[in-house]
Amino acid sequence: MTTQRPVSRAQRLNQITHEPHSKLDALVKAHAPFETPASFARFVVAQYLFQSELVALYNDAELSALIPDLPARCRAEAAKADLADLDTAVPAPVAGAVKNPTQAEALGWLFVSEGSKLGAAFLIKRAVGLGLSETFGARHLAEPAGGRAEGWKTFTRTLDGLAFTEQQEAEADKGALDAFNRFTVLLGHAYEAELA
């Protein structure tokens, strides 16, 4: 009996994060971010908190050497502008942000952040129903320059092409799992917190 191995690192990361990803999707649906502008604002708070924690990774010189357009891929400023559009205060940081991850671990975090841009294609359509758009209130869900699919393919091609040791593979796995867990924490915080 042979077990079929995933053909790429990105596919493996997709497989190991399937469960936390499904749980997070269910949690997002439970909070109904597209029912009212106020509920959507809380969703944007979570997005901003998550993206702002990753700014250092998106601007890391070593990671940018691997992925030249990495700084431009960061959505923290877009989410911050969305908060302003939605008359929502920029939230204070929440304890527990990722600190000094290894390069492989950082790539696991970025894998989750970049992958979420694919799902954003569906979310932006729902946001339009609230009178929002890629230029007002839902900028962080906007299609990246060059397109969602192309941006993802470029990222995963680079990720899959790196030579990793067994330990680095484990670190990448940890980063991806930690990223899903962290967003789940931040989403809970955003919906529980008193918003200004």
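On a predicted model such as this, the values are computed, not experimentally measured, just so you know.

Draft legend 1. Examining the packing of aromatic side chains more closely. Per the counting criterion, the structure on display carries 7 aromatic pairs. Centre to centre, the rings of Phe-40 and Phe-43 are 6.1 Å apart; their planes meet at 40°, and the pair counts as tilted. You can see Phe-40 and its partner Phe-43 sitting in helix α3 (residues 37-53), 3 residues apart, about one turn around the helix. Of the residues examined, Phe-40 reaches a relative accessible area of 0% and is grouped as buried. Their ring planes at 50° and their centres at 5.2 Å tell us that Phe-111 and Trp-152 sit as a pair that is tilted. Remark: Trp-152 occurs in helix α9 (residues 148-161) and Phe-111 occurs in helix α8 (residues 103-128); sequence separation between them is 41 residues. The exposure classification of Phe-111 matches that of Trp-152, with both residues buried.

Draft legend 2. Representation of the pattern of salt bridges in the model. Within this structure, the stated rule accounts for 13 salt bridges. Among the ionic pairs, Arg-73 bridges to Asp-69, the shortest N-O distance being 2.9 Å. Residue Arg-73 is classed as buried on the basis of its relative accessible area of 7%. In this structure, the salt-bridge partner of Asp-178 is Lys-174, at a minimum N-O distance of 2.6 Å. Of this pair, Asp-178 and Lys-174 both sit in helix α10 (residues 166-192), 4 residues apart, which is roughly one turn of the helix. Overall, Asp-178 belongs to the partly exposed group, its relative accessible area being 24%. With a relative accessible area of 43%, Lys-174 lands in the partly exposed category. Several salt bridges converge on common partners, so that one network encompasses Arg-9, Arg-12, Glu-169 and Asp-173.

Draft legend 3. View of the nonpolar core. Counting 53 residues, the largest nonpolar core has Phe-40, Leu-107, Leu-110, Phe-111 and Leu-187 as the members making the most contacts within it. Of all the elements in the fold, those that place two or more residues in this core are α1 (9-16), α2 (18-31), α3, α4 (55-58), α7 (76-85), α8, α9 and α10. Here this core gets 10 residues from one element, more than from any other, and that element is α8. Filtering out sequence-adjacent residues up to four positions away, Leu-110 remains in contact with Leu-57, Tyr-58, Leu-63, Leu-70, Gly-115 and Phe-155.

Draft legend 4. A look at unusual backbone geometry. A positive phi angle, near 50°, is found at Asp-87, a position not held by glycine. For Asp-87, the position within the fold is in the loop between α7 and α8. Note on Asp-87: relative accessible area 68%, which makes it exposed. You will see that Asn-100, though not glycine, has its phi angle at about 45°, which is positive. Here Asn-100 lies in the loop between α7 and α8.

Draft legend 5. Summary view of α9. Between its terminal C-alpha atoms α9 stretches 20 Å, which fits the 20 Å expected from 14 residues at 1.5 Å a residue. Buried residues of α9: Arg-148, Gly-151, Trp-152, Phe-155, Thr-156 and Leu-159, and no others. Here the buried residues of α9 occupy an arc of 120° about the axis, which is enough to place them on one side. Opposite the packed face of α9, turned more than 90 degrees from it, sit the exposed residues Arg-157 and Gly-161.

Scoring rules and cut-offs
Residues numbered from 1 in each chain as written. Predicted model: local features only at pLDDT ≥ 70, side-chain atom pairs only at ≥ 80, totals over all residues. Heavy atoms only, no water. Phe/Tyr/Trp six-rings, centres within 6.5 Å; stacked < 30°, edge-to-face > 60°. Helix = DSSP H or I, 4+ residues; strand = E, 2+ residues; numbered from the N terminus. Buried < 20%, exposed > 50% of the residue type's maximum accessible area, 1.4 Å probe, protein only. Salt bridge = Lys/Arg side-chain N within 4 Å of Asp/Glu carboxyl O. Core = buried A, V, L, I, M, F, W, Y, C linked by side-chain atoms within 4.5 Å. Contact = heavy atoms within 4.5 Å. Expected span 1.5 Å × (residues − 1). Arc of directions from axis to C-beta.

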